[in-house]
Amino acid sequence: MPGTHYTITPLSVGTLTIDHSQLVWGQGFGKRVEVPVLMFYVEGGGYRIMVDTGCSDPESAAKYHYPFARKPEEDPTRALQSIGVSPEEIDMVVATHLHWDHCYNQELFTNAKFYVQRTELQFAAAPFPIFANAYEAPTAGMVPPYSKTKFEVLDGDFDLADGLRIVFAPGHTPGMCCLLANTKEGVYYIAGDNVQLYENLEGNRFGRPIPGINFINLGEYYETLRKMLRIADHVLPGHDMKVLDQARYG
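Heads up: these notes are all about the structure in this document. (Residues numbered from 1 in each chain as written. Predicted model: local features only at pLDDT ≥ 70, side-chain atom pairs only at ≥ 80, totals over all residues. Heavy atoms only, no water.)

Here we take up the packing of aromatic side chains. For the structure shown, the criterion picks out nine aromatic pairs. On the basis of an interplanar angle of 65° and a centroid distance of 5.7 Å, the ring pair of Y188 and Y249 is categorised as edge-to-face. Pair noted here: Y188 is in strand β11 (residues 186–190) and Y249 is in the segment after β12 (234–236), with a separation of 61 residues, a long-range link. As far as the burial class goes, Y188 and Y249 line up, both buried. Ring pairs connect the aromatic residues F123, F128, F131 and Y135, which therefore count as one cluster. (Phe/Tyr/Trp six-rings, centres within 6.5 Å; stacked < 30°, edge-to-face > 60°. Helix = DSSP H or I, 4+ residues; strand = E, 2+ residues; numbered from the N terminus. Buried < 20%, exposed > 50% of the residue type's maximum accessible area, 1.4 Å probe, protein only.)

What follows is the structure, encoded as structure tokens:
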């Protein structure tokens, strides 16, 4: 994908403790692992973009979801300030999906346009009961964290800017979308929870890649993963500590 070159900076805004089998289908039942909650800051062509905006505070996370720890420097505002960026300077926010650990803190980005897939927004309003808690949905008696956000609603792929494309990528959720970014190192695919760990990409005796355990339509999920491997040179998972081994990509 030719065009403007971007850089991608992963930012940790805390750490979840979760069963490994939630992340990689059939692998490591009962093994508790610590994984980061990541936001991705993308810059280039005069634009400043966020992919996902983090999760709730530790008390709420532990009460309704999973044990969650956040160091003071992992507060979303402070994490951005550590790389010289203020939330109000962000031009665009891409919501990969509307699970609770990816769409809190949107009110911080007061000057940004927010992008989400129509399919995701519709499903999040009244998901199947087993997914209602993950969405903090009204059907679970909760107020979704994005309830006051004004969204630009997308129906499929969307060219966000030169060298930057939102890709409709149903898999982990029905309206998942991912960001494809051109860089000097090639095309990066910010995969969100379609690829939660690098381990998903490594595969096993059943093939590669391995989906996560949460999805609606397995056929769509596999097609999304096959397409990802065709169109991207590099993939950045949504919850892998190894992503933070490198301060910046591209």
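Let us now look at the nonpolar core. Ranked by size, the top nonpolar core spans 39 residues in total, and within it M50, L80, I90, L98 and F109 carry the most contacts. Looking at this core, the elements that each hand over two or more residues are β1 (7–19), β2 (32–44), α2 (76–81), β6 (113–117), α3 (118–125) and α4 (129–135). With five residues, β2 is the largest single contributor of residues to this core. Counting 23 residues, the second-largest nonpolar core is a separate cluster that includes Y6, L154, A181 and Y188. (Core = buried A, V, L, I, M, F, W, Y, C linked by side-chain atoms within 4.5 Å.)

Sheet architecture is open: five strands sit in the order β8-β9-β10-β11-β12, paired in mixed fashion. Two strands close off the open sheet at either side, each with one partner strand: β8 (158–161) and β12. Taken over all neighbouring pairs, the strand axes of this sheet differ in orientation by 25° on average, direction set aside. Sheet topology places strand β9 (residues 164–168) next to strand β10 (residues 177–183); five bridges connect them, and they run antiparallel. Following the sheet pairing, V167 is matched in β10 by C178. (Pairing = 2+ DSSP bridges. Axes fitted to C-alpha atoms, helices over the stretch in contact; angles between N-to-C directions.)

Honestly, that's just the spatial picture; any functional story needs more than this.
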